[in-house]
Amino acid sequence: MDIDIAKMLARGEEEGEFRYDYAPPEDICLVPLCRLENVRVSGKFYILNEGCVRVELKLEYRLAGNCSFCLEETAEDITWENEIYFVDEQSDEDYMFDGRRIKMDSAVNEELLLSQPGVLLCEKDRQPSDEDDSTEY
């Protein structure tokens, strides 16, 4: 998805919203034996000036696959929110854009990587066992 900043500025608009389904690259899932399903991207953007846009990004998806411990089929719904900036000059912390149009794919992919847990656990393995309650002195 692209956000046409030049068109927004020509209309005198300085903010907007977006919401769309996203098909991420197949190899983006970091958890072994799992996949990302039903990825929904949404958010708001604010044109701070012609060279800087703030985006309040929200990702919602299902992490589905095998439990990292017992290998049972399971799934977990993930919600991730982050504030990111797009700038029209080189920056180590922000995303670049050409000053006219923001291409969201690389930012969405990076945020998908950041949002993933290290493991996927089934309901049984999420519960603490009686053995976990023991305290050693």
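Data block above holds the structure.
Parameters and conventions
Residues numbered from 1 in each chain as written. Predicted model: local features only at pLDDT ≥ 70, side-chain atom pairs only at ≥ 80, totals over all residues. Heavy atoms only, no water. Helix = DSSP H or I, 4+ residues; strand = E, 2+ residues; numbered from the N terminus. Rg over C-alpha atoms; globule rule 2.2 N^0.38 Å. Buried < 20%, exposed > 50% of the residue type's maximum accessible area, 1.4 Å probe, protein only. Contact = heavy atoms within 4.5 Å. Areas by Shrake-Rupley, 256 points an atom, 1.4 Å probe, with all protein chains shown as cover. Pairing = 2+ DSSP bridges. Axes fitted to C-alpha atoms, helices over the stretch in contact; angles between N-to-C directions. Salt bridge = Lys/Arg side-chain N within 4 Å of Asp/Glu carboxyl O.

**Q** Lay out the overall build of the chain in plain terms, naming residues and giving numbers.
**A** A count of helices and strands for the chain gives three helices and seven strands. Scanning the chain from its N terminus toward the C terminus, one meets helices and strands in the order β-α-β-β-β-β-β-β-α-α. Rg of the C-alpha trace for the chain: 19 Å, well past the compact-globule value of 14 Å for 137 residues, more than 25% over. Overall, the chain is about 65 × 35 × 25 Å in size when its C-alpha atoms are taken along their principal axes. Counting over 137 residues, the chain shows a buried share of 39%. Of the contacts made within the chain by residues no fewer than 6 positions apart, 63% connect residues no fewer than 24 positions apart. Carbon and sulfur atoms make up 43% of the accessible area of the chain, which amounts to about 8,800 Å² in all.

**Q** Give me the sheet that holds strand β4 (residues 52-66): which residues, what numbers.
**A** Strand order in the open sheet made by the five strands is β2-β3-β4-β5-β6, with mixed pairing throughout. Only two strands of the sheet have a single partner each, and these edge strands are β2 (15-22) and β6 (95-96). Judged from the two bridges that link them, strand β5 (residues 73-87) and β6 form a sheet pairing that is parallel. If you follow V87 over to β6, its bridge partner there is M96. Where helix α2 (residues 105-115) meets the sheet, it contacts β2, β3 (34-49), β4, β5 and β6, and its direction lies at approximately 130° from that of β5.

**Q** Can you explain the pairing of β2? Please cite residues and give values.
**A** Residues G16, F18, Y20 and Y22 of β2 are buried on one face, while the alternating residues E15, E17, R19 and D21, pointing to the opposite face, are not. Taken together, the eight bridges between β2 and β3 define a ladder with antiparallel strand orientation. Counted as the bridge partner of Y20 is V41 from β3.

**Q** Lay out the side chain of T74 with the relevant residues and their values.
**A** Within the secondary structure, T74 sits in strand β5. With residues up to four places along the chain from it excluded, the contact list for T74 reads L63, A64, G65, N66, C67, L120, L121, C122, E123 and R126.

**Q** Tell me about the pattern of salt bridges, residues and numbers included.
**A** Throughout the structure, instances matching the rule amount to 10 salt bridges. Across the pair E13 and R11 runs a salt bridge, and its minimum N-O distance is 3.6 Å. Measuring nitrogen to oxygen at the nearest pair gives 2.9 Å for the salt bridge that ties D77 to R62. Of this pair, D77 sits in strand β5 while R62 sits in strand β4, placing them 15 residues apart in sequence. Residue class for D77 comes out exposed when judged on its relative accessible area of 54%. What makes R62 partly exposed here is its relative accessible area of 31%. The network of salt bridges with shared partners includes R35, E37 and E73.

**Q** Give a detailed account of α2, specifying residues and quantitative values.
**A** Because the α-helix completes a turn every 3.6 residues, residues three or four places apart line up on one side. Residues of α2 that are buried: A107, V108, N109, E111, L112 and S115. Against the buried residues of α2 lie β2, β3, β4, β5 and β6.

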